[in-house]
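Take a look at the letters that make up each chain.
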Amino acid sequence: MMGHLETDMADAVRTAPATVASVRDLKVHFAAKRGVVHAVDGVSFDIRDGETLGLVGETGCGKSVTGRSFLRLLPVPPGILAGGSVTFRPHALCEDCDGAGCDACGCTGRKAVVCPSCRGQGCATCDGTGAETIDLLKIDTETLRKLRGDRVAMIFQDPGKALNPTLTIGQQVAEVFLQHRTDELIELAGLSPETGGALRRFARQDHRFGDGILLSLPPFRGQRRRIQAALDKMVARALAETQVPNPASLMDRYPHELSGGMRQRVMIAQALACNPDLLIADEPTTALDVTVEARILELIRDLQMRRRSSVLYISHDLSLVRRICDRVAVMYAGRVVEIGPTAEVFRNPRHPYTRGLLAAVPTADTPRGGLAAIKGTVPELVDPPAACRFAGRCRHETEACRRFDPTLEPVSETHAVACFIDHPAPEGDQPSFERITE
Amino acid sequence: MQLRDYIIRRLIILPFLIIGVSIIVFSLTRIGGSPIGIYLSHEMTPDEVAQIEARFHLDKSLPVQYFYWARGVLQGDFGWSGVSVAPVSEVFPKKLAATMELSVAAGFVAVTLGVWLGTFSGARRNKPADHVTRIVAVSGASMPNFWFAIILLIVFWAELGWAPIGRATADLYAMVPQRTGLYTIDSLLAGNLAAFADALWHLILPAITLGYGATAIIARMMRSSLVEELQQDYVDAARAKGLAERLVLKKHARRNALIPTVTVIGLTFGFLLQGTVAIEIIFRWPGLGKWMADSVLRGDQATLMTYVLFTSVLFLFVNLIVDIVYANLDRRVELGK
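Residues numbered from 1 in each chain as written. Chains lettered and ligands numbered in written order. Predicted model: local features only at pLDDT ≥ 70, side-chain atom pairs only at ≥ 80, totals over all residues.

## Some words on the overall build of chain A
Point 1. Each helix and strand counted, chain A has 16 helices and 14 strands in total.
Point 2. For chain A, the C-alpha radius of gyration of 24 Å lies close to 22 Å, the compact-globule estimate for 438 residues.
Point 3. The C-alpha extent of chain A, read off along each of the three principal axes, is 85 × 55 × 45 Å.
Point 4. A sequence separation of at least 24 residues applies to 63% of the contacts in chain A between residues at least 6 apart. (Helix = DSSP H or I, 4+ residues; strand = E, 2+ residues; numbered from the N terminus. Rg over C-alpha atoms; globule rule 2.2 N^0.38 Å. Contact = placed C-beta atoms within 7 Å.)

## Things to note about the nonpolar core
Point 1. One finds Val-173 and Leu-312 of chain A to be the most contacted residues of the largest nonpolar core, which totals 175 residues.
Point 2. Broken down by element, the residue count for this core peaks at 17 residues, all from helix α9 (residues 193-229) of chain B.
Point 3. Residue contacts for Leu-312 of chain A: discarding those within four places in its chain leaves Ile-47, Leu-53, Leu-55, Gly-67, Leu-278, Ile-280 and Ala-281 of chain A. (Core = buried A, V, L, I, M, F, W, Y, C linked by C-beta atoms within 7 Å. Buried ≥ 20, exposed ≤ 12 C-beta atoms within 10 Å, placed from the backbone.)

## Overview of helix α1 (residues 3-30) of chain B
Residue and element names in this part refer to chain B.
Point 1. With 28 residues, α1 extends 40 Å between its outermost C-alpha atoms, agreeing within 8% with the 40 Å of an ideal straight helix rising 1.5 Å per residue.
Point 2. Along α1, the largest kink reaches about 30 degrees and is centred on Leu-14; proline Pro-15 follows within four residues of it.
Point 3. Turning to α1, its buried residues are Ser-22, Val-25 and Phe-26.
Point 4. Where α1 is buried, its residues meet α3 (62-74) and α13 (301-329). (Expected span 1.5 Å × (residues − 1). Bend = angle between axes of the 7 residues up to and from the residue.)

## Side note on unusual backbone geometry
A negative phi holds for most residues other than glycine; trans holds for most peptide bonds.
All names here are of chain A.
Point 1. Of the consecutive residues Pro-218 and Pro-219, the connecting peptide bond is found in the cis state with omega at 5 degrees.
Point 2. Note that Pro-219 resides in the loop between α8 (211-215) and α9 (220-241).
Point 3. Phi is positive for Asp-25, which is not a glycine, with a value near 50 degrees.
Point 4. By secondary structure assignment, the location of Asp-25 is in strand β1 (residues 19-32).

## Brief notes about the interface of chain A and chain B
Point 1. Across the contact, 25 residues belong to chain A and 19 residues belong to chain B.
Point 2. A total of 4 residues in the side of chain A that touches chain B trace back to one element, the largest contributor, which is helix α5 (residues 169-180) of chain A.
Point 3. Grouping the constituent residues of the side of chain A that touches chain B by class yields 10 nonpolar, 8 polar and 7 charged. (Nonpolar A, V, L, I, M, F, W, Y, C, P; charged D, E, K, R; others polar.)

## Section: the confidence of the model for chain B
Point 1. The predicted model of chain B has a mean per-residue pLDDT of 85, with 98% of residues at 70 or higher.
Point 2. Per-element averaging of pLDDT across chain B places helix α7 (residues 170-173) of chain B at the bottom with 71 and helix α10 (residues 233-240) of chain B at the top with 92. (pLDDT = per-residue confidence, 0-100.)

## Brief notes about α5 of chain A
Residues and elements named next belong to chain A.
Point 1. The buried fraction of α5 is high, at 11 of 12 residues.
Point 2. For α5, the set of buried residues is Ile-169, Gly-170, Gln-172, Val-173, Ala-174, Glu-175, Val-176, Phe-177, Leu-178, Gln-179 and His-180.
Point 3. Where α5 is buried, its residues meet α6 (182-188), α7 (197-203), α9, α10 (247-250) and α11 (260-272).

## A short note on the environment of Arg-308 of chain A
Point 1. Topologically, Arg-308 of chain A is positioned in the loop between α12 (290-307) and β10 (310-315).
Point 2. Assessed through the 18 C-beta atoms surrounding it within 10 Å, Arg-308 of chain A is described here as partly exposed.

## Focus on the pairing of strand β2 (residues 35-48) of chain A
Residue and element names in this part refer to chain A.
Point 1. Burial of β2 is extensive: 11 of the 14 residues sit out of reach of the surface.
Point 2. Across 11 bridges, β1 lies against β2 in antiparallel orientation. In the strand pairing of β2, Leu-26 is matched with Val-43.
Point 3. Remark: 2 residues form the turn of the hairpin made by β1 and β2, two consecutive strands paired antiparallel. (Pairing = 2+ DSSP bridges.)

## Comments concerning the sheet that holds strand β7 (residues 134-135) of chain A
Strand pairing in a sheet takes place through backbone hydrogen bonds and is either antiparallel or parallel in direction.
Residue and element names in this part refer to chain A.
Point 1. The antiparallel open sheet is built from 4 strands, whose spatial order is β2-β1-β4-β7. Whereas interior strands pair on both sides, the edge strands pair on one side only; in this sheet they are β2 and β7.
Point 2. Where β1 lies against strand β4 (residues 79-88), 8 bridges are found, and the strand directions are antiparallel. Looking across to β4, one finds that His-29 is bridged to Ile-80.

## So, the environment of Asn-145 of chain B
Residues and elements named next belong to chain B.
Point 1. You can see Asn-145 is positioned in helix α6 (residues 145-159).
Point 2. Taking the C-alpha atoms as reference points, Asn-145 and Thr-180, separated by 35 residues in sequence, lie 28 Å from one another.
Point 3. If we ignore the near neighbours within four places in the chain, the residues touching Asn-145 are Thr-209, Leu-210, Tyr-212, Gly-213, Gly-275, Ala-278 and Ile-279.

## Topic: the domain arrangement of chain A
Point 1. Assigned domains within chain A: domain 1 (91-132) and domain 2 (167-253).
Point 2. Between the C-alpha centres of domain 1 of chain A and domain 2 of chain A the distance comes to 31 Å. (Domains from an automatic or database assignment.)

## Details of the confidence of the model for chain A
All names here are of chain A.
Point 1. Residues at a pLDDT of 70 or more form 90% of chain A, whose mean pLDDT is 83.
Point 2. When mean pLDDT is compared element by element in chain A, strand β11 (residues 327-332) scores highest at 93, while helix α1 (residues 3-15) scores lowest at 45.
Point 3. Low pLDDT, under 50, characterises residues 5-16; the stretch is placed with 9 contacts to residues that sit more than four places away or in other chains.

## Looking at the packing of helix α4 (residues 88-123) of chain B against helix α5 (residues 128-142) of chain B
All names here are of chain B.
Point 1. Packing of α4 against α5 leaves a shortest axis separation of 8 Å and a crossing angle of 140 degrees. Note that α4 runs across α5; the crossing there is left-handed. Mapping the contact onto sequence places Leu-117, Phe-120 and Ser-121 in α4 and Ala-129, Asp-130, Thr-133, Arg-134 and Ala-137 in α5.
Point 2. The residue makeup of the contact of α4 with α5, split by class, is 4 nonpolar, 2 polar and 2 charged. (Axes fitted to C-alpha atoms, helices over the stretch in contact; angles between N-to-C directions. Left-handed = near helix turned anticlockwise from the far one by under 90°.)

## Focus: the sheet that holds strand β3 (residues 52-56) of chain A
Residue and element names in this part refer to chain A.
Point 1. Within the open sheet, the 8 strands sit side by side as β8-β9-β10-β3-β11-β12-β14-β13. Their pairing is mixed. In this open sheet, the two strands that pair with only one neighbour each are β8 (152-155) and β13 (409-410).
Point 2. Where strand β12 (residues 335-341) and strand β14 (residues 416-417) come together, 2 bridges link them in antiparallel fashion. Bridging from a neighbouring strand, Glu-338 pairs with Val-417 of β14.
Point 3. Docked against the sheet, α11 engages β8 and β9 (278-282), running at close to 175 degrees with respect to β8.

Put into structure tokens, the structure is as follows:
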């Protein structure tokens, strides 16, 4: 079904910048009373090293579900991972230059981890890239847990709901370090790397009965305080990165005492604390004021540049995506209908849905009342028939669109579209932008 | 507002609330008629009856009677218990200690078991373990405790002979000095482990019986609020940080789920006190509940008023404690607004 594109992409992998993550034919279904909802139905795309990929579409098109499947954060049941893969290539500090940037790592200071099964020669498990490739949908929960928040992090839509109201900011940010940076914490506290027992458990948030009493007695008491001080230092540093004023005093406050923008900064600090390779940003500014939005976007962009993380930016806001994304993937009804470099997609959109979306964005020139809405609503995704998902709302549809399901095919080296306008339909009339059917 | 200021303010209001409560208690009790009955016998002449009436100020108007009663209460004189044939103030502490021992033990059973069961059940929503726990909880909440008590007595006392009845084995207990009136603590203070084991052995069955209903209520509340909390974004955010499911539950969801549960735990306290009446009669536990049942049946108003006044004041304090715990758990609670 995707053969053409896949070989193209496999070739691109060796020459063009490496991919940090690939989604292949991802299918996520939800069991509902009316039947099986195909929320995500065969989605494929790559996220390249250091790029920002925008995932746009209207509410309910499956973009959030796609984003969440990177961390397997779907409620199962009722969610069903019905097929496909989400592969991820973790990076580590480049050992040649220790993060300074050299030729070996392409001046990024970070290198993909070498595939353990072929030692970098290229094999089936790593898709011939020689870099360690992990299928996020198949690994065991412990491996996944270690990746979550460390290599793959996530920012949520509403920071007011994504922070625990009963824990202080400091306690919540600290958890990331306690989960993934126990060794650094012990080192920073000036303790021996062999430190074990209750102290190590304290440094990895693993409390056992009796530990509290033990750690309140000398000499453990002093050592525990040193770990706590080291932890506070790391948290303050992470918060300072997001340019919050007075990070040390922020640590003792509760989420409800902060403004929305500040809360989102805390979430960002928390997400980027461990320098993740991939950041999933699920509409991070939707719940914020427009003035705050600009500053948050700037901050994410700035931190991403410095850390060279890749970002999957999920949004329904096209003008925002245009501003910050290198490439954009347009989703409609559980499918990617168009993907390509942002400039190209916005200049020359090939899918009628993308065109409709762009026409619906108001600009300064749009006359009053001149907004173009796409007629109709998103189809119900219960047991969808073999037809173009956009058929019924499309101004250019033909009989072929109602009988065959277009797949994502390249229109240029970087740009791919799932529509019969650019690719011949198996039979019947070809739709075209010239002909409008009402 | 500081927590300390808040507590002080609540404590200042407390006496006024208590005065209000005492007026209500007095008037409600008097609806049942004059308390003279318990002090009379058939041989008394009308003159003697009038004498008693004068002695207890029953010949005066109701407000004046209230004044005499309130003055007595303030001086520590709660009247004469016709049931126990002794001053109320003398008998009350002993009965109270017995009831406290029972209800604290039951409360302990209910809170630990209830919170644990609720967490266990809520974390396994709609799985077989959840259904079993819910059946246990529903039966606990709907079963009358006197009936459950009798069933347990038939099985464990009459049939199996594993559990005793009453409060302690008298011989064992004779040598233990009574400092607190709580047998378990007294025997521990005296270092008498045999007596302690005996007191505990006597305590277990009534405590479980009394605590079962409350356990069920707490478990159900805990389960539903945990299920709700587990759907919140911050739970997913905690998972996204790399926390293991166990920690997500323990550090994040459970703490928030406890907030509504604490309110229920406070209310449950009343449930326990009310439950002691039936449980104490069935297990022959010499506490307030049994004493009150006797007092009600024989019209012993002095004892009755003391009990009701005491429970009301106790509730005022329990509510204060619940509010403070609540504010500690949930920092969004604005004190005193």
